[in-house]
Amino acid sequence: MADTEHSTTPPAVSWRAILRGTGTLPSGKRTEAAPSDPALQLWRNWQANHTRVVALTRQWQRIEKTLIHTVGIPEVTIRLSGEAEPTIAQSVDEIEELVANEPAFEREALITAFEEQQKRWNEAAAALGFDAVDVELRAALGKERDFVASVPKTKAASLPGVAAKLAIVLQLGEPSPTDTEFPWPELRSALADIARLASPEATVLPT
């Protein structure tokens, strides 16, 4: 599933450590300053779902790896007239397109071979529960997109709430917790500032 690349990145530790160190990690505990911060609730819901996305993706990948090693990806190798290198087709539509000008008997044989391979894959996938995991993962990814879409619409009621919104952006967007490309160091620095200012020990003097 190509669209899981960023969503399945294991949770980073850097910003968690910042917020835990100041006692303001949005972990579900309410504070006197913000007894019901919508941004913190969004973060909690998103984090729980994101953890599920990561777990389901790893399960999906394990099953897919087993299928590839035991059954093989449903595909056929086609040697086209006038082409030195063979071509791989992974669907009936691809076969139809590639051999449109080839003899009919070759097209039918290729489609039959592909459908037999696809049947073996489907049977093995069903036995391993691949389809069920795939359905769960797609549903979790859909929820994650909904949560992310809610970030700019959700108003924080406290500094920890602001940190929670920024943490979602960082966790989904940055390639790694140590990435040096703009804007990730700047955003991590801003999150560290927010965490520091949200700490009960922090003192903010009026200008």
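For the structure, see preceding data.
A quick note: this is a predicted structure, and the numbers were derived from the prediction, not measured.

Definitions and cut-offs
Residues numbered from 1 in each chain as written. Predicted model: local features only at pLDDT ≥ 70, side-chain atom pairs only at ≥ 80, totals over all residues. Heavy atoms only, no water. Phe/Tyr/Trp six-rings, centres within 6.5 Å; stacked < 30°, edge-to-face > 60°. Helix = DSSP H or I, 4+ residues; strand = E, 2+ residues; numbered from the N terminus. Core = buried A, V, L, I, M, F, W, Y, C linked by side-chain atoms within 4.5 Å. Buried < 20%, exposed > 50% of the residue type's maximum accessible area, 1.4 Å probe, protein only. Salt bridge = Lys/Arg side-chain N within 4 Å of Asp/Glu carboxyl O. Expected span 1.5 Å × (residues − 1). Contact = heavy atoms within 4.5 Å.

Caption draft 1: Broad picture of the packing of aromatic side chains. Scanning the entire structure with this criterion turns up 2 aromatic pairs. Seen from their ring centres, Trp60 and Phe130 are 5.2 Å apart, and the 40° between their planes marks the pair as tilted. In this pair, Trp60 is assigned in helix α2 (residues 38–70) and Phe130 in helix α5 (residues 130–150), connecting sequence segments 70 residues apart.

Caption draft 2: Inspection of the nonpolar core at higher detail. Formed by 13 residues in total, the largest nonpolar core has its most connected members in Leu67, Phe130 and Leu137. Mapped by element, the contributors of at least two residues to this core are α2, α4 (104–128) and α5. Of all hydrophobic cores here, the second largest spans 10 residues; its members include Trp43, Trp46, Val151 and Ile168.

Caption draft 3: Fine view of the pattern of salt bridges. The final tally for this structure, using the stated rule, is 4 salt bridges. One salt bridge in this structure joins Arg52 and Glu136, with 2.4 Å as the shortest N-O distance. Note that Arg52 is positioned in helix α2 and Glu136 in helix α5, a separation of 84 residues in sequence. Judged by relative accessible area, Arg52 falls into the partly exposed class, the value being 40%. Glu96 is the partner of Arg107 in a salt bridge, and the nearest nitrogen-oxygen pair spans 3.6 Å. Taken together, the positions of Arg107 in helix α4 and Glu96 in helix α3 (residues 92–98) put the pair 11 residues apart, joining distant regions of the chain.

Caption draft 4: Inspection of α5 at higher detail. Here α5 is 21 residues long and its end C-alpha atoms lie 30 Å apart, about the 30 Å a rise of 1.5 Å per residue gives. Buried positions along α5 lie against α2, α4 and α6 (159–173).

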